Amino acid sequence: MTETRANPGLDLHLEPAGPGLRRGLTEALRAAVRTGRLAPGTRLPSSRVLAADLGIARNTVADAYADLVAEGWLTARQGSGTRVADRPVTTPPAAPAPPARTAARPAYDLRPGTPDLASFPRTEWLRAARRALHAAPDEALGYGDPRGHAALRAALAGYVSRARGVHADPGRVLVCNGFVHALDLLGTVLRARGVHTVAVESYGLHIHRDLLAAAGLRTVPLPLDDQGTDPRAVPEGAGAVLLTPAHQFPLGMPLRPDRRAAVVEWARRTGGLVLEDDYDGEFRYDRQPVGALQALGPDHVIHLGTASKALAPGLRLAWAVLPPPLVEEALAAKNHLATCSVLEQLTLAEFLTSGAYDRHVRAARLRYRRRRDTLVAALAVRAPGVHATGIAAGLHAVLLLPPGTEQSVVQAATWQHLALHGLSLFRHPDAVTDPVDAVVVGYGTPPDHAWSGALDALCRVLP
C-alpha cells in the first residue's frame, strides 16, 4: 500500500513558531494535542502532505513526528498512519457557568403555536426531497430568484387557490424565511409607504407587535366584543390592519361576514392594506372551512401563510400573496436576496404537487380533532366549571376560568411541570376591553405518547 493511500490528504491547521522549523513544528503539534484541539485517535496527514501544505521539507515533518512518538504524544503503525495517542487532555480553565435556572424543565408542554413535531412526515418528506433533487437542473442550485423558486411559487399559488380560495398567481407569491420574516419585510414596506399606525387585534402575539414597532410603526388595538374583533372601528390615520380572520388567535372565533366585508371596504376607500395571517387555515372540525379574506379584495389584502402549523416551524417556510403594486416594493425590502434554502423549497414544491401535503393535513386533522374531543370530555368530568371556547378549528382551545384565578392556575401548572400560558400574555397593553381570566391550551403540541399525561396534569391545576 502506498503512503498516499495509507495517509490521505487531510487538512491540518498549524502555525509553527520559535527558532528552527523542526522545533517550531514540534511545539505546535504538542500544544494542539495537549490542549485537546487534536483529540485522541485523530489521524494526522502524511509527512509528504503536511510538508507540502506548510512549504517545508518532508524530513522536517518526519523528524517532528518521530520526536512526538518518542515522547508518547503520537503513535505510528504501519498501515494506519500517525495518530494522536490516548492520554489525558489539559484544557484551559473554563469560563464561569451561568447561574442555573430555578425552574425545572416542563414535563408537559401545552403552549400554543406548535404542532405535534413527532408526527412530522419524515419518510414522505425524504422521498419528496429525493425526487426534487433528482429532477432539479444544475442552475436550480444557484443563488436563485429572490421571490422564491419558480416551482414552489407555482405550487403554492395552486394550493392556496384550491384549498383557501385565494386569488393567486406565481408572479405575486413571495417565499419568506418564516412568518416573522414576512411580517418584518411588510413592516419595512409599510414604513416606506409613509404608514405610521397599524390596527391590530386586542389579543395576539406580542412578537408581531414588537416587529411592527421595530419598523417604526405604532400598533393600536381594535375593539373586541362578544362576536369577536370589530374592524369597522379602524382608528383614523391607520394605514394597515393585521388580522387573523379565519381563526382569531388566540380567542378562536372567525371574523363575521359583515366585518370581513367592512374591513375590505375600508381598504378600498382609504387605500390601506389588510394583512391576513392565515396561520392554521387547514384545520377545521365542526364547521365549513372559512375561505381566505383575500378573495374579497385581492388588490388590497396581503394573504400570509406558513408551513409551521401543518408541517413544522423548523422548515422556516412561509409565503405572502401580494397585491401587484407591492411585489417590487417587497423585493426592495428584501434587498433582492434569496433567504430560503432552495432544497427545502424544491422539496415543499414536490410535497405539494404530489398530494403528500394534502394527505398529511387530512391525517393531522383527524388526530387533532380526537385530541380536542378528549380534552372537552375530560373537562366535562374533571373540571365542569371550566368552559372551552374557540374549539371549532385550529390547534388550541381557550379555557375560561372563574374571575381572578388565571395567575394561580398558571402558577400551579409550573408546580406540576406543565408549560401553560394565560390569556393575559396575549393581551395588547392598550386594549380597552375588560380582561378575561383564561388559559390557552395548545393541544396540538404534545406528541401522542405524552398527550394523556399532559391532559391529566392540566386537569389537576384547573379549579
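As the structure is a computational prediction, the values presented were derived from the model and not from experiment.

### Comments concerning the UniProt feature "domain: HTH gntR-type" (unreviewed entry) in the protein chain
Consideration 1: The positions that UniProt labels "domain: HTH gntR-type" (unreviewed entry) are, in the present scheme, residues 19–87.
Consideration 2: Along residues 19–87 one finds 52% helix and 12% strand; the C-alpha atoms at either end are 28 Å apart.

### As for the nonpolar core
For soluble globular proteins, nonpolar side chains are generally found buried alongside one another.
Consideration 1: Core analysis: the largest hydrophobic core is formed by 61 residues, its most contacted members being Leu399 and Leu458.
Consideration 2: Considering each element in turn, this core owes the most residues, 8 residues, to helix H12 (residues 356–382).
Consideration 3: Once residues within four sequence positions are removed from consideration, Leu458 is found in contact with Leu110, Leu375, Leu399, Leu418, Leu420 and Val441.
Consideration 4: Core analysis: the next-biggest nonpolar cluster, separate from the first, contains 28 residues, Leu185, Leu190, Ile302 and Leu326 among them.

### Side note on the environment of Trp415
Consideration 1: Tracing the sequence through the fold places Trp415 in helix H13 (residues 406–415).
Consideration 2: Among the residues examined, Trp415 registers a relative accessible area of 63% and is labelled exposed.
Consideration 3: Along the backbone, Trp415 and Glu124 are 291 residues apart, and their C-alpha atoms lie at a distance of 39 Å.

### Notes on the sheet that holds strand E13 (residues 387–389)
Consideration 1: If you trace the 4 strands from one edge of the open sheet to the other, you get E13-E14-E17-E16, paired in antiparallel fashion. Each of the sheet's edge strands pairs with one partner strand only, and the pair in question is E13 and strand E16 (421–422).
Consideration 2: Bridge analysis of E16 against strand E17 (residues 438–441) gives 2 bridges, and the strand direction is antiparallel. Along E17, the bridge assignment pairs His421 with Val440.

### Topic: helix H10 (residues 326–333)
Consideration 1: The set of residues buried in H10 consists of Leu326, Val327, Ala330 and Leu331. Take H10 and look down its axis: the buried residues cluster within an arc of 135 degrees, on one side only.
Consideration 2: Where H10 is buried, its residues touch strand E4 (173–176), helix H7 (179–192), strand E10 (273–277) and strand E11 (301–306).
Consideration 3: Backbone geometry just downstream of H10 places Asn335 in the positive-phi region, at approximately 60 degrees.

### Comments concerning the sheet that holds E10
Consideration 1: Spatial ordering of the open sheet is given by E4-E12-E11-E10-E9-E5-E6, a layout of 7 strands whose pairing is mixed. The sheet is open, and its two edges are formed by E4 and strand E6 (218–221), each paired on a single side. In this sheet, adjacent strand axes meet at a mean angle of 20 degrees when their direction is disregarded.
Consideration 2: Pairing analysis gives 4 bridges linking E10 to E11, with the strands arranged parallel. Looking across to E11, one finds that Leu275 is bridged to Ile302.
Consideration 3: Contacts from helix H8 (residues 206–214) reach strand E5 (197–200), E6, strand E9 (240–243) and E10, with the element oriented near 170 degrees to E5.

### Considering the environment of Val220
Consideration 1: Along the polypeptide, Val220 turns up in strand E6.
Consideration 2: The exposure class assigned to Val220 is buried, which follows from its relative accessible area of 16%.
Consideration 3: C-alpha of Val220 to C-alpha of Leu12: the two residues are 208 residues apart in sequence and 58 Å apart in space.
Consideration 4: In contact with Val220, not counting residues within four places along its chain, are Thr197, Val198, Ala199, Val200, Pro235 and His428.

### Overview of unusual backbone geometry
Consideration 1: For the bond running from Phe249 to Pro250, omega is 5 degrees, close enough to zero to count as cis.
Consideration 2: Note on placement: Pro250 falls in the loop between E9 and helix H9 (257–270).
Consideration 3: Unusually for a residue other than glycine, His417 sits at a positive phi of about 55 degrees.
Consideration 4: With relative accessibility at 37%, the residue His417 sits in the partly exposed group.

### Observations concerning the pattern of salt bridges
Consideration 1: Within the structure shown, the criterion is met by 23 salt bridges.
Consideration 2: Asp63 is paired through a salt bridge with Arg22; the nearest N and O atoms lie 3.8 Å apart. Remark: Arg22 occurs in helix H2 (residues 21–34) and Asp63 occurs in helix H4 (residues 58–71); sequence separation between them is 41 residues.
Consideration 3: With a relative accessible area of 32%, Asp63 lands in the partly exposed category.
Consideration 4: Judged by its relative accessible area of 38%, Arg22 is partly exposed.
Consideration 5: Across the pair Arg193 and Glu329 runs a salt bridge, and its minimum N-O distance is 2.8 Å. Note that Arg193 is positioned in the loop between H7 and E5 and Glu329 in helix H10, a separation of 136 residues in sequence.
Consideration 6: On the accessibility criterion, Glu329 (29% relative accessible area) is partly exposed.
Consideration 7: Salt bridges here are not isolated pairs; linked through shared partners, they connect Asp225, Asp230, Arg232, Arg256, Asp258 and Arg259.

### Focus on the packing of aromatic side chains
Consideration 1: Scanning all chains against the criterion turns up 6 aromatic pairs.
Consideration 2: When the centroid spacing of 5.5 Å and the interplanar angle of 80 degrees are considered together, the rings of Phe283 and Tyr368 count as edge-to-face. Here the residue Phe283 occupies a position in the loop between E10 and E11, and Tyr368 occupies one in helix H12, the gap between them amounting to 85 residues.
Consideration 3: Judged by its relative accessible area of 2%, Tyr368 falls in the buried class.

### Considering the confidence of the model for the protein chain
Consideration 1: Scored by pLDDT, the protein chain comes out at a mean of 91, with 94% of its residues at no less than 70.
Consideration 2: Within the model, the stretch residues 1–7 combines pLDDT values under 50 with 13 contacts to residues more than four positions away or in other chains.

### Comments concerning the packing of H7 against H10
Consideration 1: As a packed pair, H7 and H10 sit with axes 9 Å apart at the nearest point and diverge in direction by 110 degrees. One finds that H7 runs roughly perpendicular with respect to H10. Between H7 and H10 lies a crossing of right-handed hand. Across the interface between the two elements, Leu185, Thr188 and Val189 from H7 touch Leu326, Glu329, Ala330 and Ala333 from H10.

### A closer look at the pairing of strand E14 (residues 397–400)
Consideration 1: Inspection of the sheet shows E13 paired to E14 by 3 bridges, in the antiparallel sense. Residue pairing in the sheet places His387 in a bridge with Leu400 of E14.

Basis of the calculations
- Residues numbered from 1 in each chain as written.
- Predicted model: local features only at pLDDT ≥ 70, side-chain atom pairs only at ≥ 80, totals over all residues.
- Heavy atoms only, no water.
- UniProt positions renumbered as here; feature names shortened; annotations may be inferred.
- Helix = DSSP H or I, 4+ residues; strand = E, 2+ residues; numbered from the N terminus.
- Core = buried A, V, L, I, M, F, W, Y, C linked by side-chain atoms within 4.5 Å.
- Buried < 20%, exposed > 50% of the residue type's maximum accessible area, 1.4 Å probe, protein only.
- Contact = heavy atoms within 4.5 Å.
- Pairing = 2+ DSSP bridges.
- Arc of directions from axis to C-beta.
- Axes fitted to C-alpha atoms, helices over the stretch in contact; angles between N-to-C directions.
- Salt bridge = Lys/Arg side-chain N within 4 Å of Asp/Glu carboxyl O.
- Phe/Tyr/Trp six-rings, centres within 6.5 Å; stacked < 30°, edge-to-face > 60°.
- pLDDT = per-residue confidence, 0-100.
- Parallel < 35°, antiparallel > 145°, perpendicular 65-115°, else oblique.
- Left-handed = near helix turned anticlockwise from the far one by under 90°.

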